[in-house]
Amino acid sequence: MDIKVRRHGESVVVSMGERIDAYGSAELDKVLDDLLLDESLACMAFDMEGVRYISSAGIRSIVKTLKKLRQRKGALAICGLQSYCKNVLDTAGMTRSLDIFGSRSDAMNFLQSVQWERQALDNWDNLEKMDSPIGDFRFIPGDNSQTEIKVIGSMADVLYSRVNESRMFSRRFSQTEYSIGVGGLGESPEDYMKVLGGMITIGGTMGWLPTDGHDLADFLVPQNDTGSVLIRTPFNLSIGGGFNEYVMFNSSEEGGTTLDKLYKGLFLLSRRRRRDFKGVLGVAAWTQVSELMSGTLKRSPISEFAPENGRTIIDPMNSDEWWARDVMPRHRDVTCLTCGVGVDLSCDLSVFDKSGLYAGFYIDPTTAGDRGQILNNHGAVFERLKMPEKMVSLDKSIRQVAAKAEFKDMRRLRDTTRVTRAFMGISYIQKLSQDTSGWQGLGAEAAVSRGLADKRYRQEAEFPTVPKKREEEINKFQNFLEAQQAKLGLKK
Amino acid sequence: MGNNRQIQTSEDKTSSFSLRADLAELKVLAENIEKFGELNEIPGKALFEVNLVLDELFTNLVSYGCFSDSHNFDIMLLIEDGVMFIEIKDDGKPFNPLETPEPEIQCDCDERKIGGLGIHFMRKMMDDIEYSWNNGKNRLKLTKNI
C-alpha cells in the first residue's frame, strides 16, 4: 500500500492508499508504530482521500492511534473520507467520536487549535492570575477580534407585551452561536406565538422554556436533527466575533459567589486590565452553580396577552402575574451552560449606539436598584458534571457538557444565583448592532435598509400612544443612566 | 434453501473460488468480487458491503480459526432476480458467528472494544444469515438484496 508521511509544524499527516483491510492495515500499523515512537508526537491527520476500502482491521488501526494520541492529550483528525468508507465508520458507530473533516485544511486548523490548547495547558501555572475577596481569576488569552452584541428585535416589545407576528424573526440554527432572548420553536405561528418563553443557544444546542403552563424546558441538539430547525424570536441578544479572553474563576466564598458579585469582579478587573473594555461584556460559560435562582417568564409577551393597565410586565402591578421569581434555590449543585450580557453603568456608555442600548437592555426595578449594573443571564441546567481543574477551550468543553450531561432545565438566572466555579469566554463588546442579516420573517423584512428602531418608529407613528410610550422609555432609561453616572461620579 | 436449488443460469451468474488461509489472499477475494460485480452490474455500495463481509469472515478464520496453515476457504457467489446468494465453506474450527454477542457500538472510541465488529457488519449489511456445521466444515449462507 502507498503510505505517505508529511510533517506540518508539530503535526503529522499520513496519506494512505487504496485498501485498508487486514493486509493493508498491517503495513499501515508498521508506519504508525514507527511514527508514534516519537513521544512528542500528539497530533496526527489521516488523509483518506485515496482510500476506497476499509474493514474492521483498518478501524482498529484508527482507534489504536486515536487512543495513543489522546493519552498524549493530542488528537487524530480524519479528512478526505470517501462515502463507502464513511458508511463503514457509521455502521461501526464511530463517526460521532471521531474528528472528521471535509478538507485537509479544516483538519489542520483543528489540529492547530489542539496544539494551542496543549501549550496553554502546559503553561497554566504561568498564566496571569488575580486573587480577590470573592475568589481567584486566571486569564487565558483569546481572539484578538472585534466583538459585538447583535440585538434582534426589542426588549421593549417584550416588556410591553406587544409582540405580534410582524415583529417575529426567524433563523436557522447556527452551531457556533451564543445567544439569549425570548423565543420558541415551531412550524407556524399557531405553534409558538402563545408559548414564547426564555431561550438560550449555546455550543450547538438550544434550550427554551415554553410558557404553556407546564414549566418544562425543551432542549435541542440540532446536529442530530434535520438541520432545518428555525428559531423564532421577538428579542434576541447574540455575542458575535468570538471571545477575547477566557477566565477561570474559583470562588473562595462559602456557598459560592452570586452572579451579581461575580460580574462586579469582572467589571472591576476589566476596567483595570483591558483598554478595550467599554462597559459591556458578553459572557458564555461552563458554570458550576451551587444555588440556582431563576426569574421565569410565565406568559408569552404577545399583544393579545398585554396587561390591561397598559403598564410593563415588570411593573410591580403586573410583575407577579408575569414572573415567577424564586426566593428559594430551584436547583442546587448543578452544572450550567450559561450565556449572558452585563452592562457596567459606571462606564461612559455614550460610545454605544443609543437605540441598540435601548433595544437590548432594560432596568428591572426589582433587581437593578443601586447596584450599578444590568445583567441578563440564561442557563441550560444539567446534572452536575465534574469540571476539569484546568481548561482552555470553551467550545469543546461546552460540546462535551451538552453531549454527556443529563439536561434538567433552562432558566433565566437571577443575579442572586450562586456560583462555585466558572470557565468563561469573555467578549469585550465594542458595539451593539441591530443587524438583522441572516434573519428572515416579517420582522426582518421590515428593516431592509435602515435601522430597525427607525423603521419601527415610523410604523408606530400611526398609533399615537406608542411613540409617546417609547419616548418615555428612552427618557427613563436615559435619566437612570445619568443619575447612576452622577451617583457613581460623586462617590469617586 | 441451497440444497434443492438447481443452478441453470448462465456462467456469469455464478462464481466459485477458493482462498488459502493467508491474508495476502484478500486481494484475490477483492478481485473476484469486483469481476463478478462488473459482469452482473451490481451497484458499488452492495458490492463493497459483500466484499467487506467476506473479508471480515475470512480474516477471522485466518486470525483465529486455523488448526494449521493448510485450510481452505471456499466461496460461491450466485445472483438471481436481484438477490445475491453467498455460500462460504471452511474447514477451520467450528465457529457460529450468529452466537457472538453484539458489540457495544454506542460508547466512546476510547473505551470501546473492537472485537466483533466484523460480525456486526455482517448482521447490518446482509439480509439473511444461516449457519450450519456438517462434515467437519463451517457452512455459512448469506443473502443480500441488491
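Residues numbered from 1 in each chain as written. Chains lettered and ligands numbered in written order. Predicted model: local features only at pLDDT ≥ 70, side-chain atom pairs only at ≥ 80, totals over all residues. Heavy atoms only, no water.

Chemist: Hey, could you run me through the overall build of chain B in this one?
Modeler: Helix and strand counts for chain B come out as three helices and five strands. Looking at chain B residue by residue over its 146 residues, the buried ones come to 46%. Long-range pairs, those at least 24 residues apart, make up 65% of the contacts in chain B with a sequence separation of at least 6. (Helix = DSSP H or I, 4+ residues; strand = E, 2+ residues; numbered from the N terminus. Buried < 20%, exposed > 50% of the residue type's maximum accessible area, 1.4 Å probe, protein only. Contact = heavy atoms within 4.5 Å.)

Chemist: Sorry if this is basic, but what is going on with the overall build of chain A here?
Modeler: Along its length, chain A carries 13 helices and 25 strands. Taken across its 492 residues, chain A has 58% of its residues classed as buried. For chain A, the share of sequence-separated contacts (at least 6 apart) that also reach a separation of at least 24 residues comes to 81%. A total of about 21500 Å² of accessible surface is found on chain A, and carbon and sulfur atoms cover 48% of it. (Areas by Shrake-Rupley, 256 points an atom, 1.4 Å probe, with all protein chains shown as cover.)

Chemist: Can you walk me through the interface of chain B and chain A in this structure?
Modeler: If you look at the interface, chain B gives 25 residues, while chain A gives 27 residues. With both chains or domains summed, chain B and chain A bury close to 2200 Å², and 63% of this area falls on carbon and sulfur atoms. At the junction of chain B with chain A, the criterion picks out zero salt bridges. Counting the contacts that link chain B with chain A gives five residue pairs in polar contact (both at pLDDT 80 or more). (Buried area = accessible area lost by both parts, 1.4 Å probe. Salt bridge = Lys/Arg side-chain N within 4 Å of Asp/Glu carboxyl O. Polar contact = N/O pair within 3.5 Å; in protein donor to acceptor, adjacent residues only side chain to side chain.)

Chemist: Sorry if this is basic, but what is going on with helix α4 (residues 104-122) of chain A here?
Modeler: Turn by turn, an α-helix covers 3.6 residues, leaving residues three or four places apart pointing in a common direction. The end-to-end C-alpha distance of α4 of chain A, which contains 19 residues, comes to 27 Å, matching closely the 27 Å that a straight helix rising 1.5 Å per residue would cover. As for α4 of chain A, its buried residues are in contact with β1 (3-8), β2 (11-16), β4 (43-47), β6 (75-79), β7 (99-101) and α10 (394-404) of chain A. (Expected span 1.5 Å × (residues − 1).)

Chemist: Quick question: what am I supposed to make of the confidence of the model for chain B here?
Modeler: Detailed reading of the predicted coordinates is not advisable wherever pLDDT is low. Residues and elements named next belong to chain B. On average, chain B scores 82 in pLDDT, and the residues at 70 or more come to 82%. Across chain B, the element-wise mean pLDDT spans from 89 in helix α3 (residues 117-125) up to 93 in helix α1 (residues 26-39). The low-confidence segment residues 1-8, where pLDDT is below 50, has 11 contacts with residues more than four positions distant or belonging to other chains. The ipTM, which scores confidence in the relative placement of chains, is 0.84 for this predicted complex, and the corresponding pTM is 0.70. (pLDDT = per-residue confidence, 0-100.)

Chemist: Looking at this structure, how should I read the layout of surface pockets?
Modeler: In this approach, a probe sized like a water molecule rolls over the atoms, and the result shows the empty space that is left. Residue and element names in this part refer to chain A. Empty space within the largest pocket amounts to approximately 1800 Å³. Elements with a contribution of two residues or more to the lining of the largest pocket: α2 (56-71), β6, β7, α4 and α10. If you tally residues by element for the lining of the largest pocket, the top one is α10, at seven residues. Grouping the amino acids of the lining of the largest pocket by side-chain chemistry returns 17 nonpolar, 11 polar and 14 charged. (1 Å grid on protein atoms, 1.4 Å probe; cavity = no way out; pocket = protein on both sides within 12 Å on 5 of 7 lines; lining within 4 Å. Points joined across faces, edges and corners; volume = space filled by probe spheres on them. Nonpolar A, V, L, I, M, F, W, Y, C, P; charged D, E, K, R; others polar.)

Chemist: Help me understand the packing of aromatic side chains, please; the structure alone is not making it clear to me.
Modeler: Each aromatic ring pair is summarised here by two numbers: the centre-to-centre distance and the angle between the ring planes. Residues and elements named next belong to chain A. In the structure shown here, the tally under the stated rule is 14 aromatic pairs over all chains. Ring geometry for F219 versus F382: centroids 5.4 Å apart, planes at 85°, classification edge-to-face. Of this pair, F219 sits in strand β15 (residues 218-220) while F382 sits in strand β23 (residues 373-383); the two residues are 163 residues apart in sequence, bridging distant segments of the chain. On the basis of relative accessible area, F219 is assigned to the partly exposed category, the value being 23%. Its relative accessible area of 0% is what places F382 among the buried residues. The structure contains a cluster of three or more aromatic residues connected by ring pairs, namely Y178, F243, Y246 and F423. One residue, R273, lies across the ring of F139, its end atom 3.5 Å from the ring centre. (Phe/Tyr/Trp six-rings, centres within 6.5 Å; stacked < 30°, edge-to-face > 60°. Lys NZ or Arg CZ within 6 Å of the ring centre and 35° of its normal.)

Chemist: What should I look at first to understand empty space enclosed by the protein in this one?
Modeler: On inspection of all chains with the given rule, the structure shows seven cavities of 30 Å³ or more. Classifying every residue of the lining of the largest cavity gives nine nonpolar, eight polar and two charged.

Chemist: What's the story with the sheet that holds strand β4 (residues 128-134) of chain B in this structure? I'm lost.
Modeler: Consider a sheet: its strands pair through backbone hydrogen bonds, and that pairing is either parallel or antiparallel. All names here are of chain B. What the five strands build is an open sheet, ordered β1-β2-β3-β5-β4; its pairing is antiparallel. Each edge of the open sheet carries a strand with a single partner, namely β1 (14-20) and β4. The average undirected angle you get between the axes of adjacent strands in this sheet is 15°. The pairing of strand β3 (residues 83-90) with strand β5 (residues 137-145) spans eight bridges and is antiparallel. In the strand pairing of β5, E87 is matched with K141. Contacts from α1 reach β1, β2 (72-80) and β3 within the one sheet, and its direction differs from that of β1 by about 175°. (Pairing = 2+ DSSP bridges. Axes fitted to C-alpha atoms, helices over the stretch in contact; angles between N-to-C directions.)

Chemist: How do you make sense of the packing of helix α1 (residues 22-36) of chain A against α2 of chain A when you look at a structure like this?
Modeler: The relative placement of two packed helices is expressed as an angle between their axes plus a distance between the axes. All names here are of chain A. Interaxial distance between α1 and α2 falls to 8 Å at its minimum, and their mutual angle equals 15°. By the angle between their directions, the pair α1 and α2 is classed as roughly parallel. Crossing handedness for the pair α1 and α2: right-handed. On the side of α1, the interface is formed by A22, S25, L28, D29, L32, D33 and L36, while α2 contributes A57, G58, S61, K64, T65, K68 and L69. Class assignment for the residues of the contact of α1 with α2 results in six nonpolar, four polar and four charged. (Parallel < 35°, antiparallel > 145°, perpendicular 65-115°, else oblique. Left-handed = near helix turned anticlockwise from the far one by under 90°.)

Chemist: Even after reading the chapter, I still don't get the side chain of S179 of chain A, so can you show me in this structure?
Modeler: All names here are of chain A. If you trace the backbone, S179 turns up in strand β12 (residues 178-185). Here S179 falls in the buried class, since its relative accessible area comes to 0%. Engagement of the side chain of S179 in a polar contact is seen with the side chain of E177, the distance being 3.4 Å. A polar contact is formed between the side chain of S179 and the side chain of T201, at a distance of 2.7 Å. Setting aside its immediate chain neighbours within four residues, S179 contacts M199, I200, T201, N236, L237, S238 and C339.

Chemist: Mind showing me how you'd approach α3 of chain B here?
Modeler: Across the nine residues of α3 of chain B, seven count as buried, placing the element largely inside the fold. Of the residues making up α3 of chain B, those classed as buried are L117, G118, I119, H120, F121, M122 and M125 of chain B. Buried residues along α3 of chain B sit against α2 and α3 (83-91) of chain A together with α2 (44-64), β4 and β5 of chain B.

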